[in-house]
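Below are the chains, spelled out letter by letter.
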Amino acid sequence: MAVAVVVAAGCGDAAGSRRHVGETGATSPTPTLSETPFAEPRQFVSGHGLLKVRLVVGVRSVRLAGQTVRALTYNGDYMPPTLRLRPGDRLDLTLVNNLPEQTNLHTHGWHISPMDSSDNVYLHIHPGKSYHYTYRLPADLAPGTYWYHSHAHPRSEPQVFAGLSGAIVIDGLERHLPSGLKHITQRLIALKDFQVRNGAIPTAGIDSNAPTTRTVNGLVNPAIPIRPGETQLWRLANIGADIAYNVHLEGSRFHVIAQDANPVDSVWSADTLLMPPGSRFDVLVQGSAAGRSRLETLAYTTGPAGDSYPQETLATVVSSGPATPRATLPMKFAHFSDLRKDRIAQRRTIVFSENEPQKKFYIDGKLFDHRRIDVRARLNTTEEWTVRNASDEQHTFHIHVNDFQLISVNGKPYEAHGLQDTVQLPVRGQVVVRMRFLDFLGKYPYHCHILNHEDHGMMANIQVVR
Ligand SMILES: [Cu+2]
C-alpha cells in the first residue's frame, strides 16, 4: 500500500525546520536569540508513486509577525504544507471547503491535464462541500519549484492574499548537479505578503500599493544560516497575490538553475531577480565571509498607473561556523529544446489593457467569460504570440499547462536558457513568446497573475484541440 509521510523540511537543517506559522517549534542554531529562526512549513511527501493529501480550507486565527490575525488557511496554517512529489507520481487531493464562499485549487506550473478532476480551474467547490482532485504527473514533468493556490474567479485575489497559497516541490533538480553538490542544503524561500485591517487580512478592497508586510515562509526577517563558502539551493517563489519582488542578496549573486520549474540549459547568474507574482527561481547561493547580509527586495515601480514598492529586508543571512572551500558551480545544466527552431503553426497578437478608474481589466478588449473560447490551438503545434501591453502599468502574463519561451522584449531578442510560465509585460510595450501545445487537450486560461487584475477581467480561455 502506498503511504504519504510527513517529514520536517530542509535537509541539513532539521532542527530549525519544523517551526512554522501557527506552531511553536525548535530554534535553529543562530547566534542571536532575538532573531527569528528560519523555518519551513512541514512537507507532505509522496511514497511509492502516490501522495494522498487532505487540505481543509477555513478561517482561522494565526500568529503572524507577532500578532494574532484572522486569515484563510489550508489545514489551519497561513504557510501550509509543502507538497513534495516525483515525476510520474499521482496526487490524490481532497479539498474540503469550510469557507462561506466557493473556492478551488490550481497547481501552478504543472504540465498536466486541465480537464475533469485534474488541474481544472473552472470548478467551484461550494461552501460545506469537498472535492477529490486526481493529478497524474507526467514521467517527464520538469523538476523544480511550483505552487498551489486558489483560482476561484472572481475571488482569487482575496483568497490568495488572505493565505490560500503553498509550495510544491518536484524532486530531481539534484540530478543535474555535480556529485559534490548533490546533497547540499535546500531551502524553500516562499515570499508571501499580507496587510491587517481590524484584526484580519482584508478580503475586500485590497490596495496592493498600501503598506504591506513581506514574509519568508510566513516569518518576518528570519535568520538563514549558511557556512562561509557553503553552497545551498534556494527555492525562491513569489506565492503572494499581487506584488512583485525585486530580490537581491547583499554581496552575493544568484546562480539560476531553474526558472518557473524549468531547468536551464546553462547556469546564469544575476545580482537581482525580478519576481512578479507567481514566478519562481531555483538558485545556488554561496556563503560569504562570516557575518550578516540582507536578503532584500529592492524598490520597484510597476509604472505610472501601477504600484511603487519600497526596499524591504526579507531575511538576514548569517554566515558562521567553519569555512568550506567554495565549490565550482556547474556551467552546463539540463537539456533545453530551443523553440526558435520550430515551425510556427499560428501567429497571434494578444492585447492587455485596462480602465483603471473603473477597475476593469481586459484581454483583447474583453472581460473574462468562462463560457467563451478566445483561442483555439492544435495539439502538437507551436504558436508565436505577441503579447502587447496597452496600459501604463506592468502586467504579468501567465498561461496554464504549457510553458513558453521568451523570444523578445520590446523588439530586442532575448536569449532564453529555458522555458518560463510568467513574464512581466513592459508598460506600453510587448513581449514575443513561443509555446508548444503538448500532451493535453482541453480548455484552460491565460491571464494576468496580478490577481486583482485577473479578478477584474484580465483572463481569457484557450482550447487545445486535435
Ligand atoms: Cu495585470
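Please read all numbers here as calculations on a predicted model, not as lab measurements.

## Quick notes on the overall build of the protein
Point 1. Of regular secondary structure, the protein possesses three helices and 35 strands.
Point 2. Radius of gyration (C-alpha) of the protein: 21 Å, near the 23 Å computed for a compact globule of 466 residues.
Point 3. With the C-alpha coordinates aligned to their principal axes, the bounding extent of the protein is approximately 60 × 55 × 50 Å.
Point 4. Within the span of the protein, comprising 466 residues, buried residues form 52% of the whole.
Point 5. Across the protein, every contact between residues at least 6 apart in sequence was considered, and the portion connecting residues at least 24 apart equals 76%.

## Here's the deal with unusual backbone geometry
Point 1. A cis amide bond, omega 0 degrees, links His 153 with the succeeding residue Pro 154.
Point 2. Within the secondary structure, Pro 154 is located in the loop between strand 10 (144-149) and helix 2 (156-161).
Point 3. In this model, Asn 217 sits at a positive phi of 55 degrees, which is unusual for a non-glycine residue.
Point 4. Residue placement: Asn 217 occurs in the loop between strand 13 (213-216) and strand 14 (222-226).
Point 5. On the basis of neighbour counts, which here come to 27 C-beta atoms within 10 Å, the residue Asn 217 falls in the buried class.
Point 6. The backbone of Asp 439 sits at a positive phi, close to 70 degrees, despite the residue not being glycine.
Point 7. The topology assignment puts Asp 439 in the loop between strand 33 (430-436) and strand 34 (442-448).

## Things to note about the domain arrangement of the protein
Point 1. Examined at the domain level, the protein breaks down into domain 1 (5-172), domain 2 (179-319) and domain 3 (339-465).
Point 2. A C-alpha centroid distance of 26 Å is found between domain 1 and domain 3.
Point 3. Taken together, the 16 residues of domain 1 in the interface contact 17 residues of domain 3.

## Notes on the pairing of strand 30 (residues 404-409)
Point 1. In this structure, strand 30 lies alongside strand 33, joined through five bridges in antiparallel fashion. By the bridge assignment, Val 409 is partnered in strand 33 with Val 431.
Point 2. In sequence, strand 30 turns back onto strand 31 (residues 412-413) through a hairpin of two residues, with Asn 410 there showing a positive phi of about 50 degrees.

## With respect to the sheet that holds strand 9 (residues 130-136)
Point 1. Pairing is mixed in the open sheet, where four strands are placed in the order 5-4-7-9. Two strands bound the open sheet, and with one partner strand each, they are strand 5 (67-74) and strand 9. Between one strand and the next, the sheet's axes are offset by a mean angle of 25 degrees, whatever the strand orientation.

## Quick word on the nonpolar core
Point 1. Ranked by size, the top nonpolar core spans 115 residues in total, and within it Ala 190, Leu 191, Ile 257, Val 283 and Val 433 carry the most contacts.
Point 2. Setting aside anything within four residues of it in sequence, one finds Leu 191 in contact with Arg 214, Val 216, Ala 237, Asn 238, Ile 239, Gly 240, Tyr 245, Met 275 and Leu 314.

## Focus: the sheet that holds strand 27 (residues 375-378)
Point 1. On the basis of which strands lie adjacent, the open sheet formed by five strands has the order 27-35-34-29-32 and mixed pairing. Looking at which strands have only one partner, the edges of the open sheet turn out to be strand 27 and strand 32 (422-425). The sheet shows a mean angle of 25 degrees between the axes of neighbouring strands, taken without regard to direction.
Point 2. Examined bridge by bridge, strand 29 (residues 395-399) and strand 34 share three bridges and lie antiparallel to one another. Within strand 34, the position partnered with Ile 399 by the bridge is Tyr 446.

## Focus: the environment of Ala 323
Point 1. Of note, Ala 323 is situated in the loop between strand 24 (312-319) and strand 25 (344-355).
Point 2. The class of Ala 323 is partly exposed, set by 14 C-beta atoms lying within 10 Å.
Point 3. Remark: the alpha-carbon pair of Ala 323 and Ile 226, spanning 97 residues in sequence, is separated by 9.7 Å.
Point 4. In this structure Ala 323 touches Arg 227, Pro 228 and Gly 229, once residues within four positions along its chain are discounted.

## Some details on the environment of Gly 457
Point 1. Relative to the helices and strands, Gly 457 resides in the loop between helix 3 (451-455) and strand 35 (459-465).
Point 2. As a C-alpha pair, Gly 457 and Thr 203 span 254 residues in sequence and 18 Å in three-dimensional space.
Point 3. Those residues in contact with Gly 457, other than ones at most four positions away along the chain, are Lys 360, Phe 361, Tyr 362, Leu 367 and Phe 368.

## Regarding the confidence of the model for the protein
Point 1. Across the protein, pLDDT averages 93, with 93% of residues at or above 70.
Point 2. Across residues 1-31 the pLDDT falls below 50, and counting only partners more than four positions away or on other chains, this stretch makes 93 contacts in the model.

## A word on the environment of Pro 276
Point 1. As for its position among the elements, Pro 276 is in the loop between strand 19 (272-275) and strand 20 (280-286).
Point 2. Taking the C-alpha atoms as reference points, Pro 276 and His 126, 150 residues apart in sequence, are found 30 Å from one another.

Conventions we followed
Residues numbered from 1 in each chain as written. Predicted model: local features only at pLDDT ≥ 70, side-chain atom pairs only at ≥ 80, totals over all residues. Helix = DSSP H or I, 4+ residues; strand = E, 2+ residues; numbered from the N terminus. Rg over C-alpha atoms; globule rule 2.2 N^0.38 Å. Buried ≥ 20, exposed ≤ 12 C-beta atoms within 10 Å, placed from the backbone. Contact = placed C-beta atoms within 7 Å. Domains from an automatic or database assignment. Pairing = 2+ DSSP bridges. Axes fitted to C-alpha atoms, helices over the stretch in contact; angles between N-to-C directions. Core = buried A, V, L, I, M, F, W, Y, C linked by C-beta atoms within 7 Å. pLDDT = per-residue confidence, 0-100.

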